Amino acid sequence: MAMLNKKRKEWKMRGRVFFALILAMCLSVAGYSLYEKEQNQHDEERIEDVYYSYDEHGPDAANVCERGMMQSPVQITRKDALQNQSPEIEIHYGEGRFEIIKKAHTAEAVSKSGQNYILIDHQQYKLESFHFHLPSEHQVEGQSYEMELHFVHENKNGEQAVMAVFIQEGQANEMVKEIWSRLQDGFSKKDNVSIRLPEFIPKERRAFYYTGSLTTPPCTEGVKWIVFEMPVEFSEEQIGTFHRLFGNNSRQVQPLNGRKIYQLTVR
Ligand SMILES: [Zn+2]
(Lines give C-alpha, C1' and ligand atoms only; values in the text may rest on other atoms or scores of the structure.)
Protein backbone atom coordinates (compact mmCIF):
# COMPACT_ATOMS: atom_id res chain seq x y z
CA MET A 1 0.00 0.00 0.00
CA ALA A 2 2.78 2.38 1.00
CA MET A 3 4.53 1.42 -2.22
CA LEU A 4 1.43 2.28 -4.27
CA ASN A 5 1.04 5.68 -2.56
CA LYS A 6 4.65 6.48 -3.35
CA LYS A 7 4.06 5.53 -6.97
CA ARG A 8 0.92 7.70 -7.13
CA LYS A 9 2.80 10.67 -5.68
CA GLU A 10 5.51 10.17 -8.26
CA TRP A 11 2.98 10.18 -11.10
CA LYS A 12 1.30 13.23 -9.63
CA MET A 13 4.70 14.99 -9.56
CA ARG A 14 5.47 13.95 -13.12
CA GLY A 15 2.04 15.21 -14.16
CA ARG A 16 2.77 18.59 -12.64
CA VAL A 17 6.18 18.85 -14.30
CA PHE A 18 4.61 17.87 -17.63
CA PHE A 19 1.86 20.44 -17.19
CA ALA A 20 4.43 23.11 -16.29
CA LEU A 21 6.41 22.26 -19.42
CA ILE A 22 3.33 22.53 -21.67
CA LEU A 23 2.40 25.84 -20.04
CA ALA A 24 5.93 27.18 -20.60
CA MET A 25 5.79 26.15 -24.26
CA CYS A 26 2.41 27.83 -24.78
CA LEU A 27 3.62 31.00 -23.13
CA SER A 28 6.73 31.20 -25.28
CA VAL A 29 4.69 30.63 -28.48
CA ALA A 30 2.27 33.37 -27.40
CA GLY A 31 5.20 35.62 -26.53
CA TYR A 32 6.79 35.03 -29.92
CA SER A 33 3.59 35.83 -31.84
CA LEU A 34 3.25 39.00 -29.82
CA TYR A 35 6.82 39.93 -30.78
CA GLU A 36 6.12 39.02 -34.41
CA LYS A 37 2.96 41.12 -34.38
CA GLU A 38 4.89 44.09 -33.05
CA GLN A 39 7.53 43.67 -35.75
CA ASN A 40 4.85 43.50 -38.46
CA GLN A 41 3.14 46.57 -37.08
CA HIS A 42 6.49 48.35 -37.18
CA ASP A 43 6.99 47.34 -40.84
CA GLU A 44 3.44 48.31 -41.78
CA GLU A 45 3.97 51.68 -40.19
CA ARG A 46 7.00 52.24 -42.43
CA ILE A 47 5.26 51.04 -45.59
CA GLU A 48 2.03 52.94 -45.01
CA ASP A 49 3.92 56.12 -44.39
CA VAL A 50 5.77 55.84 -47.70
CA TYR A 51 2.82 54.62 -49.79
CA TYR A 52 0.68 57.42 -48.49
CA SER A 53 3.00 59.92 -50.11
CA TYR A 54 3.42 57.81 -53.30
CA ASP A 55 -0.32 58.31 -53.97
CA GLU A 56 0.04 62.04 -53.64
CA HIS A 57 2.49 62.06 -56.54
CA GLY A 58 0.24 60.36 -59.08
CA PRO A 59 0.51 57.22 -61.21
CA ASP A 60 3.90 58.09 -62.81
CA ALA A 61 5.59 58.27 -59.43
CA ALA A 62 3.89 55.04 -58.32
CA ASN A 63 5.18 53.40 -61.49
CA VAL A 64 8.81 54.40 -60.92
CA CYS A 65 8.63 53.78 -57.17
CA GLU A 66 7.17 50.29 -57.57
CA ARG A 67 8.75 49.10 -60.81
CA GLY A 68 12.03 51.03 -61.09
CA MET A 69 15.14 48.83 -61.29
CA MET A 70 17.61 51.28 -59.70
CA GLN A 71 15.84 52.23 -56.51
CA SER A 72 17.21 53.38 -53.16
CA PRO A 73 17.94 52.72 -50.34
CA VAL A 74 19.96 49.50 -50.63
CA GLN A 75 21.63 46.96 -48.42
CA ILE A 76 25.43 47.41 -48.40
CA THR A 77 27.76 44.45 -47.85
CA ARG A 78 31.43 45.36 -47.33
CA LYS A 79 32.85 42.23 -48.92
CA ASP A 80 30.86 42.87 -52.13
CA ALA A 81 31.90 46.54 -52.41
CA LEU A 82 34.48 47.15 -55.15
CA GLN A 83 37.56 49.17 -54.18
CA ASN A 84 37.77 52.12 -56.51
CA GLN A 85 39.01 55.68 -56.62
CA SER A 86 36.59 56.74 -59.35
CA PRO A 87 34.69 58.99 -59.38
CA GLU A 88 36.78 61.64 -57.58
CA ILE A 89 34.60 63.25 -54.94
CA GLU A 90 35.41 66.48 -53.08
CA ILE A 91 33.28 68.15 -50.40
CA HIS A 92 33.27 71.95 -50.22
CA TYR A 93 31.18 72.60 -47.12
CA GLY A 94 31.38 75.48 -44.67
CA GLU A 95 28.80 77.56 -42.84
CA GLY A 96 25.52 78.32 -44.60
CA ARG A 97 22.14 79.90 -43.99
CA PHE A 98 19.11 77.61 -44.07
CA GLU A 99 15.36 77.91 -43.78
CA ILE A 100 13.98 75.14 -41.54
CA ILE A 101 10.71 73.62 -42.73
CA LYS A 102 8.61 71.26 -40.64
CA LYS A 103 7.14 68.91 -43.26
CA ALA A 104 4.60 66.15 -42.65
CA HIS A 105 7.24 63.40 -42.78
CA THR A 106 10.52 65.11 -41.89
CA ALA A 107 12.41 68.26 -41.00
CA GLU A 108 14.00 69.92 -44.00
CA ALA A 109 16.68 72.61 -44.15
CA VAL A 110 16.63 74.54 -47.42
CA SER A 111 19.84 76.32 -48.45
CA LYS A 112 19.50 80.08 -48.69
CA SER A 113 23.12 80.96 -49.32
CA GLY A 114 24.12 78.50 -52.07
CA GLN A 115 27.91 78.45 -51.54
CA ASN A 116 28.10 74.82 -50.36
CA TYR A 117 28.73 72.17 -52.99
CA ILE A 118 30.45 68.89 -53.82
CA LEU A 119 32.52 68.01 -56.90
CA ILE A 120 32.04 64.66 -58.63
CA ASP A 121 34.76 64.23 -61.26
CA HIS A 122 35.20 68.03 -61.21
CA GLN A 123 31.52 68.66 -61.91
CA GLN A 124 29.81 70.93 -59.41
CA TYR A 125 26.69 69.76 -57.54
CA LYS A 126 25.21 72.52 -55.36
CA LEU A 127 23.70 71.70 -51.99
CA GLU A 128 19.95 72.41 -52.24
CA SER A 129 18.69 71.07 -48.90
CA PHE A 130 19.09 68.41 -46.27
CA HIS A 131 16.62 66.28 -44.25
CA PHE A 132 16.46 63.35 -41.83
CA HIS A 133 15.19 59.76 -41.74
CA LEU A 134 14.48 57.49 -38.77
CA PRO A 135 15.63 54.72 -38.67
CA SER A 136 18.42 54.82 -41.29
CA GLU A 137 17.32 53.95 -44.85
CA HIS A 138 20.57 52.32 -46.02
CA GLN A 139 21.78 49.29 -44.12
CA VAL A 140 25.33 48.02 -43.73
CA GLU A 141 25.76 44.28 -43.14
CA GLY A 142 22.03 44.06 -42.42
CA GLN A 143 22.19 46.68 -39.66
CA SER A 144 20.27 49.96 -39.50
CA TYR A 145 21.50 53.02 -37.62
CA GLU A 146 19.23 55.17 -35.44
CA MET A 147 18.90 57.83 -38.15
CA GLU A 148 20.26 58.96 -41.52
CA LEU A 149 20.91 62.46 -42.85
CA HIS A 150 20.50 63.21 -46.59
CA PHE A 151 22.26 66.15 -48.26
CA VAL A 152 20.55 66.71 -51.62
CA HIS A 153 22.64 68.30 -54.43
CA GLU A 154 21.93 69.25 -58.01
CA ASN A 155 24.22 70.11 -60.96
CA LYS A 156 23.44 72.63 -63.71
CA ASN A 157 21.73 69.91 -65.81
CA GLY A 158 19.33 69.10 -62.99
CA GLU A 159 21.07 65.79 -62.15
CA GLN A 160 21.05 64.90 -58.47
CA ALA A 161 23.60 63.57 -55.99
CA VAL A 162 22.71 62.68 -52.41
CA MET A 163 25.26 62.35 -49.62
CA ALA A 164 24.08 60.18 -46.73
CA VAL A 165 25.44 60.23 -43.18
CA PHE A 166 24.43 57.63 -40.59
CA ILE A 167 23.56 58.81 -37.10
CA GLN A 168 24.15 56.79 -33.96
CA GLU A 169 23.27 57.59 -30.36
CA GLY A 170 26.00 59.41 -28.40
CA GLN A 171 27.00 63.04 -27.86
CA ALA A 172 24.50 65.83 -28.56
CA ASN A 173 25.04 67.71 -31.85
CA GLU A 174 25.01 71.52 -31.50
CA MET A 175 23.62 72.10 -34.99
CA VAL A 176 20.72 69.70 -34.40
CA LYS A 177 19.86 71.67 -31.27
CA GLU A 178 19.52 74.77 -33.48
CA ILE A 179 17.37 72.96 -36.06
CA TRP A 180 15.07 71.16 -33.60
CA SER A 181 14.42 74.43 -31.71
CA ARG A 182 12.96 75.84 -34.95
CA LEU A 183 10.46 72.98 -35.24
CA GLN A 184 8.60 74.18 -32.17
CA ASP A 185 5.21 75.80 -32.70
CA GLY A 186 5.12 79.55 -33.08
CA PHE A 187 8.59 79.84 -34.58
CA SER A 188 8.93 82.37 -37.40
CA LYS A 189 10.10 80.72 -40.63
CA LYS A 190 11.69 83.92 -41.87
CA ASP A 191 14.46 83.63 -39.31
CA ASN A 192 17.04 81.62 -41.23
CA VAL A 193 19.51 79.68 -39.18
CA SER A 194 23.26 79.51 -39.65
CA ILE A 195 24.51 75.91 -39.82
CA ARG A 196 28.13 74.76 -39.74
CA LEU A 197 27.81 71.82 -42.15
CA PRO A 198 31.17 70.18 -41.34
CA GLU A 199 29.68 69.25 -37.94
CA PHE A 200 27.51 66.73 -39.79
CA ILE A 201 30.34 65.13 -41.78
CA PRO A 202 32.35 62.21 -40.34
CA LYS A 203 36.10 62.85 -39.87
CA GLU A 204 36.85 59.47 -41.43
CA ARG A 205 36.16 59.95 -45.15
CA ARG A 206 35.57 56.37 -46.35
CA ALA A 207 32.30 56.11 -48.27
CA PHE A 208 30.23 53.84 -50.49
CA TYR A 209 29.18 55.04 -53.94
CA TYR A 210 26.44 53.70 -56.22
CA THR A 211 23.69 54.87 -58.58
CA GLY A 212 20.12 54.79 -57.23
CA SER A 213 17.04 56.93 -56.81
CA LEU A 214 15.27 59.39 -54.54
CA THR A 215 13.83 57.35 -51.65
CA THR A 216 10.58 59.34 -51.65
CA PRO A 217 8.22 60.06 -54.59
CA PRO A 218 8.74 60.71 -57.43
CA CYS A 219 11.58 58.11 -56.80
CA THR A 220 13.54 59.61 -59.74
CA GLU A 221 16.41 57.32 -60.82
CA GLY A 222 19.98 58.19 -61.89
CA VAL A 223 20.79 59.74 -58.51
CA LYS A 224 24.46 59.47 -57.47
CA TRP A 225 24.67 58.20 -53.89
CA ILE A 226 27.58 58.77 -51.52
CA VAL A 227 27.03 56.92 -48.23
CA PHE A 228 29.60 57.58 -45.49
CA GLU A 229 30.77 54.48 -43.71
CA MET A 230 31.28 56.09 -40.28
CA PRO A 231 28.34 57.62 -38.40
CA VAL A 232 28.10 60.94 -36.55
CA GLU A 233 26.41 61.23 -33.15
CA PHE A 234 23.15 62.75 -31.93
CA SER A 235 22.04 62.43 -28.30
CA GLU A 236 19.30 60.05 -27.19
CA GLU A 237 17.11 63.09 -26.48
CA GLN A 238 17.70 64.56 -29.96
CA ILE A 239 16.77 61.27 -31.63
CA GLY A 240 13.75 60.98 -29.31
CA THR A 241 12.52 64.47 -30.26
CA PHE A 242 12.61 63.61 -33.96
CA HIS A 243 10.77 60.34 -33.33
CA ARG A 244 8.09 62.14 -31.35
CA LEU A 245 7.57 64.72 -34.12
CA PHE A 246 7.75 62.52 -37.24
CA GLY A 247 7.73 58.83 -36.22
CA ASN A 248 9.34 56.35 -38.62
CA ASN A 249 9.88 57.80 -42.09
CA SER A 250 12.28 55.44 -43.83
CA ARG A 251 11.76 53.34 -46.93
CA GLN A 252 12.57 49.61 -47.03
CA VAL A 253 15.79 48.51 -48.77
CA GLN A 254 15.32 47.92 -52.51
CA PRO A 255 16.85 45.17 -54.70
CA LEU A 256 20.26 45.97 -56.21
CA ASN A 257 19.35 44.29 -59.54
CA GLY A 258 23.01 43.79 -60.43
CA ARG A 259 24.19 47.29 -59.54
CA LYS A 260 27.73 47.62 -58.20
CA ILE A 261 28.61 49.40 -54.97
CA TYR A 262 32.07 51.00 -54.79
CA GLN A 263 34.12 51.86 -51.74
CA LEU A 264 36.23 55.02 -51.99
CA THR A 265 37.68 57.91 -50.03
CA VAL A 266 36.00 61.30 -50.29
CA ARG A 267 38.19 64.40 -50.06
ZN1 LIG B 1 15.97 61.28 -47.80
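Keep in mind that this is a model prediction, so the values were computed, not measured.

Caption draft 1: Layout of the packing of aromatic side chains. Throughout the structure, instances matching the rule amount to 15 aromatic pairs. Ring centres 4.5 Å apart and planes at 20° place the aromatic pair Tyr 145 and Phe 166 in the stacked group. Of this pair, Tyr 145 sits in the loop between strand 8 (139-140) and strand 9 (147-154) while Phe 166 sits in strand 10 (residues 160-169), placing them 21 residues apart in sequence. Both residues of the pair, Tyr 145 and Phe 166, count as buried. Measuring from ring centre to ring centre gives 6.3 Å for Phe 200 and Phe 234, while their planes differ by 55°; the resulting arrangement is tilted. On the criterion of sequence distance, the pair formed by Phe 200 in the loop between strand 11 (193-196) and strand 12 (206-213) and Phe 234 in strand 14 (residues 232-234) is long-range, its members being 34 residues apart. When its relative accessible area of 0% is taken as the criterion, Phe 234 is described as buried. Linked through ring pairs, Tyr 93, Phe 98, Phe 130, Phe 132, Phe 151, Trp 180, Phe 200, Phe 234, Phe 242 and Phe 246 together constitute an aromatic cluster.

Caption draft 2: Fine view of the state of the cysteines. Here the structure, examined in full by the defined rule, presents 1 disulfide. There is a disulfide in this structure between Cys 65 and Cys 219, and the S-S distance comes to 2.0 Å. Taking the torsion about the S-S bond as the criterion, the Cys 65 to Cys 219 disulfide, at about 95°, is right-handed. Highlighted residues: Cys 65 in helix 2 (residues 58-67) and Cys 219 in the loop between strand 12 and strand 13 (221-228), separated in sequence by 154 residues.

Caption draft 3: The nonpolar core, seen in detail. One finds Phe 130, Phe 132, Phe 151, Phe 200 and Phe 234 to be the most contacted residues of the largest nonpolar core, which totals 42 residues. In this view, Phe 130 contacts Phe 98, Ala 107, Glu 108, Ala 109, Leu 149, His 150, Phe 151, Ile 179, Ile 195, Leu 197 and Phe 200; residues no more than four positions away in its chain are not counted. By size, the runner-up hydrophobic cluster in this structure holds 16 residues, among which are Val 140, Val 162, Phe 208 and Val 227.

Caption draft 4: Examining the environment of Ile 179 more closely. Among the structural elements, Ile 179 can be located in helix 3 (residues 174-181). Overall, the relative accessible area of 1% leaves Ile 179 in the buried class. Apart from the residues lying within four places of it in its own chain, the contact partners of Ile 179 are Ile 100, Phe 130, Phe 132, Ile 195 and Phe 200.

Caption draft 5: Structural context of helix 4 (residues 236-246). By the burial criterion, the buried members of helix 4 are Gln 238, Ile 239, Thr 241, Phe 242 and Phe 246. End-on, the buried residues of helix 4 take up no more than an arc of 155°, which puts them together on one face. Along helix 4, exposed side chains directed more than 90 degrees from the buried face belong to Glu 236, Glu 237 and Arg 244. Looking one or two places after helix 4, you find Gly 247, whose phi comes out positive at around 65°.

Caption draft 6: A look at the side chain of Thr 215. With respect to the helices and strands, Thr 215 occurs in the loop between strand 12 and strand 13. In terms of polar contacts, Thr 215 uses its side chain to reach the side chain of Glu 137, at 2.6 Å.

Caption draft 7: Up close: the coordination of the zinc ion. Surrounding the zinc ion are the protein donor atoms His 131 (NE2), His 133 (NE2) and His 150 (ND1), which sit 2.0 to 2.1 Å from the metal. Within one chain, the residues donating to the zinc ion are spaced in sequence as H-x1-H-x16-H. Taken as a pair, His 131 in strand 7 (residues 123-133) and His 150 in strand 9 lie far apart in primary sequence, 19 residues in all. Residue His 131 shares its accessibility class with His 150, and that shared class is buried.

Caption draft 8: Spatial organisation of the pattern of salt bridges. Considering all chains together, one arrives at 10 salt bridges under this definition. For Arg 78, the salt bridge goes to Glu 229, with nearest N and O atoms at 2.8 Å. With Arg 78 in the loop between strand 1 (75-76) and strand 2 (82-83) and Glu 229 in the loop between strand 13 and strand 14, this pair connects stretches of sequence that are 151 residues apart. For Glu 229, a relative accessible area of 13% corresponds to the buried category. Between Asp 80 and Lys 79 there is a salt bridge whose closest N-O contact spans 3.3 Å. Judged by its relative accessible area of 48%, Asp 80 is partly exposed. One continuous salt-bridge network, built from bridges that share partners, spans Arg 78, Glu 141 and Glu 229.

Cut-off values and rules
Residues numbered from 1 in each chain as written. Predicted model: local features only at pLDDT ≥ 70, side-chain atom pairs only at ≥ 80, totals over all residues. Heavy atoms only, no water. Phe/Tyr/Trp six-rings, centres within 6.5 Å; stacked < 30°, edge-to-face > 60°. Helix = DSSP H or I, 4+ residues; strand = E, 2+ residues; numbered from the N terminus. Buried < 20%, exposed > 50% of the residue type's maximum accessible area, 1.4 Å probe, protein only. Disulfide = S-S within 2.5 Å. Core = buried A, V, L, I, M, F, W, Y, C linked by side-chain atoms within 4.5 Å. Contact = heavy atoms within 4.5 Å. Arc of directions from axis to C-beta. Polar contact = N/O pair within 3.5 Å; in protein donor to acceptor, adjacent residues only side chain to side chain. Donors = N, O, S within 2.8 Å, 3.2 Å for Na, K, Ca; no water. Salt bridge = Lys/Arg side-chain N within 4 Å of Asp/Glu carboxyl O.

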